[in-house]
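# A look at the structure
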Amino acid sequence: MTDREDGPELGKATRLVEAGRKREWVSTPGTKGAVVNPPVWRASTHLYENSEDLVGGRPNEDGHFYYGRRGGPTQWALADALTELEPGADGTELFPSGVAALACTLMAVLRPGDELLVTDNVYEPTRNIALSMLRQFGITARPFDPLDPDAFAAMIGEKTKAVMLENPGSLTLEVCDIPALTAIARDRGVLSIIDNTWATPLGFPALQHGCDITVMSLTKHVGGHSDLMMGSASAAKPVINRVRRQAQFMGQVVSPDDAALALRGLRTMSLRLERTASTALAVAQWLSSRTEVAAVLCPMLPGAPGHELWQRDFAGGCGLFSFVLKDADIAARARLIDALELFGIGFSWGGFESLAIPFDPAPVHTLRPWPPGIDEGSGLGVRLSIGLEDADDLIGDLDRGFAAMGAT
Ligand SMILES: *Cc1c(COP(=O)(O)O)cnc(C)c1O
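The present account deals with the structure reproduced in this document. (Residues numbered from 1 in each chain as written. Predicted model: local features only at pLDDT ≥ 70, side-chain atom pairs only at ≥ 80, totals over all residues. Heavy atoms only, no water.)

## Focus: the packing of aromatic side chains
Applying the stated criterion across every chain, the model contains seven aromatic pairs. Judged by centre distance (5.6 Å) and plane angle (50°), the rings of tryptophan 25 and tryptophan 76 are tilted. Of this pair, tryptophan 25 sits in helix α2 (residues 23–26) while tryptophan 76 sits in helix α4 (residues 73–85), placing them 51 residues apart in sequence. Like tryptophan 76, tryptophan 25 is buried. An aromatic cluster is defined as three or more aromatic residues linked by ring pairs; in this entry it consists of Trp198, Phe204, Trp310 and Phe314. (Phe/Tyr/Trp six-rings, centres within 6.5 Å; stacked < 30°, edge-to-face > 60°. Helix = DSSP H or I, 4+ residues; strand = E, 2+ residues; numbered from the N terminus. Buried < 20%, exposed > 50% of the residue type's maximum accessible area, 1.4 Å probe, protein only.)

Shown next, in the form of structure tokens:
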């Protein structure tokens, strides 16, 4: 356990077991021993020894208790763990949701008059933050095509201060060349922020690939059990200090109960990612043999769009991918989804249970027909979040769905 300085680089699963378990978060008061997990420290108030102690503390910076809004040992243990898992990060801020993390991070780095470039295949609420919410503060935003680094470079102007990336893209799962895009951004003094929820640092160490801030919805893989909402932003100093300051201005705090749940999820994350990725690949392979399917949008699948870049840049995948139907109309797609018994119908993903939702990227992806290069097909998409069930059972369920889709 803990406070390990040197030694050979540990594997992913080991790092997840070790992360954040500093002695100071787990020692048992009054004994020399410790517990495995940090206790849930429910506290708004910290009592100081005396008034000098109260004025002398350096609130929050290095884990000094100050006031509940700045967290306590349970939240710090989680933040520490996430920092340790993100090579190149000096700190992590926690937020009550992934969207809160995205909104606050963007507000931390942008000022009135600045421009943000936002990838066209970004998560829709991020697009709305960029194009609507930030406008209230005099910040403009323009979408760019993530698959065209030259066009991206040409869009960067005097006012451009940050770029919002996501890889692979939401719903359509294109993989872009993050090292190329972030090199262009850095060269022009533009800060790169990435939504790294899909891959997590285990699959894509984003700061090592040139990003300055990496944001995750912990609701997905870290929580892993569909029972909590949380977000994070990790970065090196001094950038993380700007995010922390903004988070404190805005009163962002997560409960110690949720932090403990997130820590519990984190310990098994690599097992879940490996398992859901391999099941997803089996399901994706099966889907690609179906005549009802125009395209399988799964970067882990050989021959699928983005597979080569995925192989070059990623050390792992996950259970989330999409497919596009060939001749179906909306009613046929609904028959398919409604016939599924093992897949729930619901937003979110990354849980132990499989989910399916219909999607149509056209209204949110504006710069080219998405997914690019797929002109055969109805354009009607289905997104699957593959859980921990057996692959054969999920394939059987989808088979039932296709039978229902064909039967009119
Ligand atoms: C779900 C999601 C978010 C938002 O996270 P919440 O915790 O639901 O607010 C952000 N980015 C991506 C890619 C997501 O899928």
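Now, onward.
## Some thoughts on the sheet that holds strand β8 (residues 293–297)
Pairing is mixed in the open sheet, where five strands are placed in the order β8-β9-β12-β11-β10. This sheet does not close on itself; its edge strands, each paired only once, are β8 and β10 (344–345). In terms of strand pairing, β8 meets strand β9 (residues 320–325) through four bridges, oriented antiparallel. When the bridges of β9 are listed, alanine 295 appears paired with valine 324. Contacting β8, β9 and β12 (381–385), helix α12 (residues 269–288) runs over the sheet at an angle of about 10° to β9. (Pairing = 2+ DSSP bridges. Contact = heavy atoms within 4.5 Å. Axes fitted to C-alpha atoms, helices over the stretch in contact; angles between N-to-C directions.)

## Overview of the site of the ligand
Every one of the 15 residues lining the ligand counts as a neighbour, but Gly98, Asp195, Ser217, Thr219 and Lys220 are closest to it. At 2.8 Å, a side-chain N or O of lysine 220 approaches an oxygen atom of the ligand. Relative to its unbound accessible area of 380 Å², the ligand is 91% covered by the protein chains. Grouping the constituent residues of the shell around the ligand by class yields six nonpolar, six polar and three charged. (Near = heavy atom within 4 Å. Polar contact = N/O pair within 3.5 Å; in protein donor to acceptor, adjacent residues only side chain to side chain. Areas by Shrake-Rupley, 256 points an atom, 1.4 Å probe, with all protein chains shown as cover. Nonpolar A, V, L, I, M, F, W, Y, C, P; charged D, E, K, R; others polar.)

## A short note on the sheet that holds strand β3 (residues 140–144)
Strand order in this open sheet of seven strands is β1-β7-β6-β5-β4-β2-β3, and the pairing throughout is mixed. Looking along the sheet, the strands with just one partner apiece sit at the ends: β1 (91–95) and β3. On average, adjacent strands in this sheet sit at an angle of 20° to one another, irrespective of strand direction. Of the strands in this sheet, β1, β6 (213–217) and β7 (231–235) touch α4, which is tilted by about 130° from β1.

## Some words on the pairing of strand β5 (residues 191–195)
A large share of β5 lies buried, amounting to five of its five residues. The alternating pattern of β5 places Leu191, Ile193 and Asp195 and Ser192 and Ile194 on opposite faces, both of which are buried. Of the strand pairs in this sheet, strand β4 (residues 160–166) and β5 are connected by five bridges, and their pairing is parallel. Bridge assignment links valine 163 to a residue of β5, and that residue is serine 192. Where β5 meets β6, three bridges bridge the pair, whose relative direction is parallel. Each residue of the ladder has a partner; that of isoleucine 193, found in β6, is isoleucine 213.

## So, empty space enclosed by the protein
Enumeration over the complete set of coordinates arrives at two cavities of 30 Å³ or more. As a volume, the largest cavity reaches approximately 90 Å³. Around the largest cavity, the lining is made up of 15 residues, and of these His221, Thr276, Gly350, Gly351 and Ile386 lie nearest the centre. If one sorts the elements of the lining of the largest cavity by residue count, α12 sits on top with three residues. Tallied by class, the residues present in the lining of the largest cavity amount to seven nonpolar, seven polar and one charged. Along its surface, the second largest cavity is lined by Leu82, Glu86, Pro201, Thr214, Val215, Met216, Ser232 and Ser234. Of all the elements in the fold, those that place two or more residues in the lining of the second largest cavity are β6 and β7. No other element matches the three residues that β6 contributes to the lining of the second largest cavity. Grouping the constituent residues of the lining of the second largest cavity by class yields four nonpolar, three polar and one charged. (1 Å grid on protein atoms, 1.4 Å probe; cavity = no way out; pocket = protein on both sides within 12 Å on 5 of 7 lines; lining within 4 Å. Points joined across faces, edges and corners; volume = space filled by probe spheres on them.)

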